[in-house]
Amino acid sequence: MNYRQKKFSRRELIKFVAFGAATPFIWGLTNKTEAAKASKAQVKYQDKPNGNEKCSNCIQFIPGETQDANGECKVVQGSVSPQGWCTVYAPES
């Protein structure tokens, strides 16, 4: 049997090495984004507003599918109520 080995061109080898080196870096960035969020306990999250301050008028809030549906927060882990509040509240301008 005659087995032929495929030879890689220099360009293919460089692409392979570059991709291999970049993959752990990109993976690390995506995991750190979620890890960087604070827990609800750390920010003293509550499901009710603090006066006129509530998640739905906070710059960090990412709305849910409807106005009353829970959404997400850029800095707090998990689902948050539009009527909620925490210590990282920052009013929209």
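Scroll up to find the structure this text is about.
These notes cover the structure that comes with them. (Residues numbered from 1 in each chain as written. Predicted model: local features only at pLDDT ≥ 70, side-chain atom pairs only at ≥ 80, totals over all residues. Heavy atoms only, no water.)

## Digging into empty space enclosed by the protein
Convention followed: Here the term cavity refers to a set of points on a 1 Å grid, laid over the protein atoms alone, in which a 1.4 Å probe fits but cannot get out; the term pocket refers to an open set having protein on both sides within 12 Å along at least five of seven lines, with lining residues being those that place an atom within 4 Å of a point. Grid points are joined across faces, edges and corners, and a volume is the space filled by probe spheres set on the points. Residues are grouped as follows: Ala, Val, Leu, Ile, Met, Phe, Trp, Tyr, Cys and Pro are nonpolar; Asp, Glu, Lys and Arg are charged; every other residue, Gly included, is polar.
All told, the structure shown has one cavity of 30 Å³ or more when counted by the stated rule. Roughly 90 Å³ of volume is contained in the largest cavity. If you trace the largest cavity, you find it lined by Tyr45, Lys54, Cys55, Cys58, Phe61, Cys73, Val76, Val80, Trp85, Cys86, Val88 and Tyr89. In the lining of the largest cavity, the residues fall into eleven nonpolar, no polar and one charged.

## Describing the environment of Lys74
Stated precisely, the cut-off is as follows: By the criteria applied, helices consist of DSSP H or I runs no shorter than four residues and strands consist of E runs no shorter than two, each listed in order from the N terminus. The contact criterion used is simple: two residues touch if any of their non-hydrogen atoms lie within 4.5 Å.
One can find Lys74 in the segment after strand E2 (72–73). As for Lys74 and Gln60, which are separated by 14 residues in sequence, their C-alpha atoms are 5.2 Å apart. Setting aside anything within four residues of it in sequence, one finds Lys74 in contact with Lys37, Ile59, Gln60 and Ile62.

## What about the nonpolar core?
A general trend in soluble globular proteins is that nonpolar side chains are found buried together. Stated formally: The definition of a nonpolar core used throughout is a set of buried Ala, Val, Leu, Ile, Met, Phe, Trp, Tyr and Cys residues joined through side-chain atoms within 4.5 Å. Categorising residues by exposure relies on relative accessible area from a 1.4 Å probe, with only protein chains included: less than 20% of the type maximum marks a residue as buried, more than 50% marks it as exposed, and the intermediate range marks it as partly exposed.
In this structure, Ala38, Val43, Tyr45, Cys55, Phe61, Cys73, Val76, Val80 and Cys86 together form the largest nonpolar core, which totals nine residues. Those residues within four positions of Val76 in sequence are excluded, and the remaining contacts are Lys37, Ala38, Ser39, Lys40, Val43, Cys86 and Val88.

## Considering the environment of Gly84
Summarising the element assignment, Gly84 is placed in the segment after E2. Separated by 31 residues in sequence, Gly84 and Glu53 place their C-alpha atoms 8.5 Å apart. Apart from residues lying up to four places away in sequence, Gly84 is in contact with Tyr45, Gln46, Asp47, Lys48, Pro49, Glu53, Lys54 and Cys55.

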